[in-house]
Each structure stands twice: as C-alpha cells, then as structure tokens.
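Chain by chain, the residues:
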Amino acid sequence: MVTADRFQVRAPAPAVLADTAVRALRAEARLSPKPGLVDRRGGGAHDDMDLPLLLASAEALRPAFAEIAYVAGRTAPGVGLREELGLLGRAAERAMSRATGGVNTHRGALWALGLLVAAVAGGARDAPAAARAAGRLAATPDRRAPAQAPSHGERVRRRYGSPGAVGEARAAFPHVIDVALPRLRRSRAGGFPEEVARLNALLEVMSLLDDTCVLHRGGRDGLRLVQAGAERVLAEGGAGTEHGRAALLTLDGLLRRRRLSPGGSGDLLAAALFLDMIRWPDRPAGAGQEVLACRR
C-alpha cells in the first residue's frame, strides 16, 4: 500500500542525491558572514577548522550519501534499513575523520542529511513528508550500533535536557520545516538576495534552537547570549538591512571572543538547503537554486 509519505515517484538517482547533499553542505560552509561559524572569512570561533577543511569534509561524504540513497531506495522502512544506514553512517564518519585529520566537521550534518537523503530516496513527495520519514528512521532502534563513550552532544543532552540532534530528527526536524524553510522563503519573497535569505534562515534557527554545540562550550548563559543576539539581528530587519547587518557583525565578534559556535544551527541550515534544492512533484524548487527533480 502507498502511504502519504511514500508517493509513487521515481526518486532521483543516488549520485544526484549525493551531489545535492554535498552542495547543501558546501553552500552552508561558504555562506558569510555567519556568527561564530566557519565561513569565507576564516574559522570563526574555531581554531581547528577553516573553509577548505569543511569543503574537503563535505566531499569525503559524497560516497556515503550515494550509498545511503541506493540502499534506502531498495529497502523497505524498518529495523533492517535503520541498521544498514547505521553501518553506512559509521563508515562515513571514519571517511570524514581521515579527510580532516580527526576533526569533527560534519558529524551532526551527516546524521541529519543522511536521514533526509534516505527519506527522499524512499519516495517522500515533499519536504514535510521527507522530515516525517526521516523522523521514523531516527526513532527506529539500531541494534548493531556499538557501545561507545558518550559524545559531547550526548553529555550535553543528559546535563541540560536538550533534545539535541537525535531529538530534532525524531521530532521530524521542526527547526528545518517550521523555522528555516519558512524564513528562507519569506526573505526571498521580500526581495532579499539569496545569501541574505540564507543568513536570515540561520539566524531564525539560532534564535530558537537549544544548540548543543553552544551548550557544550558556553552552558545556558552562552545559549542565552546566542539566542538573544540572533533575535536582535532579526528585530533590526535581518542580515539584509543596515542595522541588522551591524547587529550581525557585533554578534559575530562576541561569539568569536567567547568561542561559541552554533554548529547545530549550521547543520540544520544545511538540511533546509538540501530540502529546498529539490523540485518536489507538486512544487517548484527554491529560487536561485540548482535543483534536481523527483519525476513522476
């Protein structure tokens, strides 16, 4: 039986989906000026990352995204698919680590985009359906996952009760579907350039997300600083106005000095850009994007 989330479309080829995921990661990395994050100007709040490293990391994930799409397009949703995706995801983390010399550049983005690539490959007909399918995958237990020490994100989730990347995915990516994508499209409709629209989408997510990357480095005080600063930029008109740009640069300087990096927000922007780059069956793709088509 065909469900609402598994529409009868011929999904894009695995190589095309992988290319789209990599382009989304590269677009997020290049977007400037991002407060506290790596961009075209340098490493932001990081001293172990720069733009060339992020671009190399994104490229290293291309084979994994293609394999994820291939497997998801040929495997029914359920525990078997979830376990296969877990194996592919862990192999992708190792490939990323080799490409970056052990720097964790895209672990959160790999989790989010891997699930969404699988959802699109499995036949989701629009962005909300892809997010729901990804959420079901995220909530399916991976019995083959090895025991390992808790990550920074897991420790932060336990300490602060934040949903983190896992909770975001299991909830069907609300900060992507209900926050980033609507802000992106409103900014475009308001006549702002594409870079400004993407920055505004990032800032909207930053203003609302309990970002575990920020909590790890700055605790609740750091998170409040990031959220209030992003909200202030938006209140001043966003990244496309004179006052908003000034507030953005002020926030960027503050986050650099405090070594606060809203990496979780950056990962969710990349996920939003991925979904926005797809021409869904009933809707044209986002303005100014190179797109792929889900063909009937």
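Residues numbered from 1 in each chain as written. Predicted model: local features only at pLDDT ≥ 70, side-chain atom pairs only at ≥ 80, totals over all residues. Heavy atoms only, no water.

Before going further, it helps to examine the overall build of the protein. Scanning the protein for helices and strands turns up 13 helices and 2 strands. Its C-alpha atoms give the protein a radius of gyration of 18 Å, near enough to 19 Å, the size a compact globule of 296 residues would have. C-alpha atoms of the protein, sized along the principal axes, occupy 50 × 45 × 35 Å. Out of the 296 residues in the protein, the part that is buried amounts to 56%. In the protein, of all internal contacts separated by at least 6 residues, the share reaching a separation of at least 24 is 71%. When the accessible surface of the protein is summed, it comes to about 12,600 Å², and 52% of that surface belongs to carbon and sulfur atoms. Taking the 43 positively charged and 31 negatively charged side chains of the protein as two groups, their mean positions are separated by 3 Å. (Helix = DSSP H or I, 4+ residues; strand = E, 2+ residues; numbered from the N terminus. Rg over C-alpha atoms; globule rule 2.2 N^0.38 Å. Buried < 20%, exposed > 50% of the residue type's maximum accessible area, 1.4 Å probe, protein only. Contact = heavy atoms within 4.5 Å. Areas by Shrake-Rupley, 256 points an atom, 1.4 Å probe, with all protein chains shown as cover. Lys, Arg positive; Asp, Glu negative; His and termini not counted. Charge placed at Lys NZ, Arg CZ, Asp CG, Glu CD.)

As a further point, take the pattern of salt bridges. Scanning all chains against the criterion turns up 21 salt bridges. Between Glu195 and Arg40 there is a salt bridge, with its nearest N and O atoms 3.2 Å apart. Remark: Arg40 occurs in the loop between helix H1 (14-30) and helix H2 (51-60) and Glu195 occurs in helix H10 (residues 194-208); sequence separation between them is 155 residues. Taking the shortest distance from any N to any O, the salt bridge between Asp276 and Arg185 comes out at 3.7 Å. Taken together, the positions of Asp276 in helix H13 (residues 263-276) and Arg185 in helix H9 (residues 174-189) put the pair 91 residues apart, joining distant regions of the chain. Here Arg185 falls in the partly exposed class, since its relative accessible area comes to 29%. A single salt-bridge network, built from bridges that share partners, covers Arg185, Arg188, Glu194, Arg198 and Asp276. (Salt bridge = Lys/Arg side-chain N within 4 Å of Asp/Glu carboxyl O.)

Between helix H5 (residues 107-121) and H13, the least distance of the axes is 9 Å, while the angle of their chain directions is 20°. The orientation of H5 with respect to H13, classified from their angle, is roughly parallel. When you trace H5 past H13, the crossing you get is right-handed. Residues Gly108, Ala109, Ala112, Leu113, Leu116, Val117 and Val120 of H5 touch H13, and the partners they reach there are Asp267, Ala270, Ala271, Phe274 and Leu275. (Axes fitted to C-alpha atoms, helices over the stretch in contact; angles between N-to-C directions. Parallel < 35°, antiparallel > 145°, perpendicular 65-115°, else oblique. Left-handed = near helix turned anticlockwise from the far one by under 90°.)

With that settled, the discussion passes to the nonpolar core. Judged by nonpolar contacts, the single largest core of 87 residues is most densely connected at Phe65, Phe173, Val176, Phe274 and Leu275. Discounting residues that sit within four places of it in the chain, Phe173 has contacts with Ala112, Leu115, Leu116, Ala131, Ala134, Glu168 and Leu268. Listed in part, the 8 residues of the second largest apolar core include Ala29, Leu54, Leu55 and Val103. (Core = buried A, V, L, I, M, F, W, Y, C linked by side-chain atoms within 4.5 Å.)

What follows covers the confidence of the model for the protein. Overall, the prediction assigns the protein a mean pLDDT of 90, with 90% of residues at 70 or greater. Here residues 1-8 scores under 50 on pLDDT; set against residues more than four positions off or in separate chains, the count is 17 contacts. Low pLDDT (under 50) marks residues 287-296, which in the prediction has 33 contacts with non-local residues, meaning those over four places away or in another chain. (pLDDT = per-residue confidence, 0-100.)

Quick look at H2 now. Every α-helix winds through 3.6 residues per turn, so residues three or four apart in the chain are directed the same way. When we look at burial in H2, the residues that qualify are Leu51, Leu53, Leu54, Leu55, Ser57 and Ala58. Turning to H2, the residues buried within the fold contact H1, helix H3 (62-72) and helix H4 (79-100). For H2, the capping residue at the N-terminal end is Asp50, with a side-chain oxygen 3.0 Å from the backbone nitrogen of Leu53. (Polar contact = N/O pair within 3.5 Å; in protein donor to acceptor, adjacent residues only side chain to side chain.)

On to H4, then. Taking 1.5 Å of rise per residue, the 22 residues of H4 would be expected to cover 32 Å, and the 31 Å separating its terminal C-alpha atoms lies within 8% of that figure. The elements touched by buried residues of H4 are H2, H3, H5 and helix H6 (127-139). Backbone geometry just downstream of H4 places Gly101 in the positive-phi region, at approximately 70°. (Expected span 1.5 Å × (residues − 1).)

The next subject is the side chain of Glu168. Assignment of secondary structure puts Glu168 in helix H8 (residues 164-170). Those residues in contact with Glu168 that lie beyond four places of it in its chain are Pro163, Phe173, Pro174, His175, Val176, Leu209 and Leu268.

With that settled, the discussion passes to unusual backbone geometry. In this model, Ser32 is joined to Pro33 through a cis peptide bond whose omega is -5°. Tracing the backbone shows Pro33 in the loop between H1 and H2. Even without being glycine, Ala172 reaches a positive phi, approximately 70°. Along the chain, Ala172 falls in the loop between H8 and H9. Of note, Phe173 is a non-glycine position whose phi angle comes to about 55°, a positive value. With respect to the element layout, Phe173 can be found in the loop between H8 and H9.

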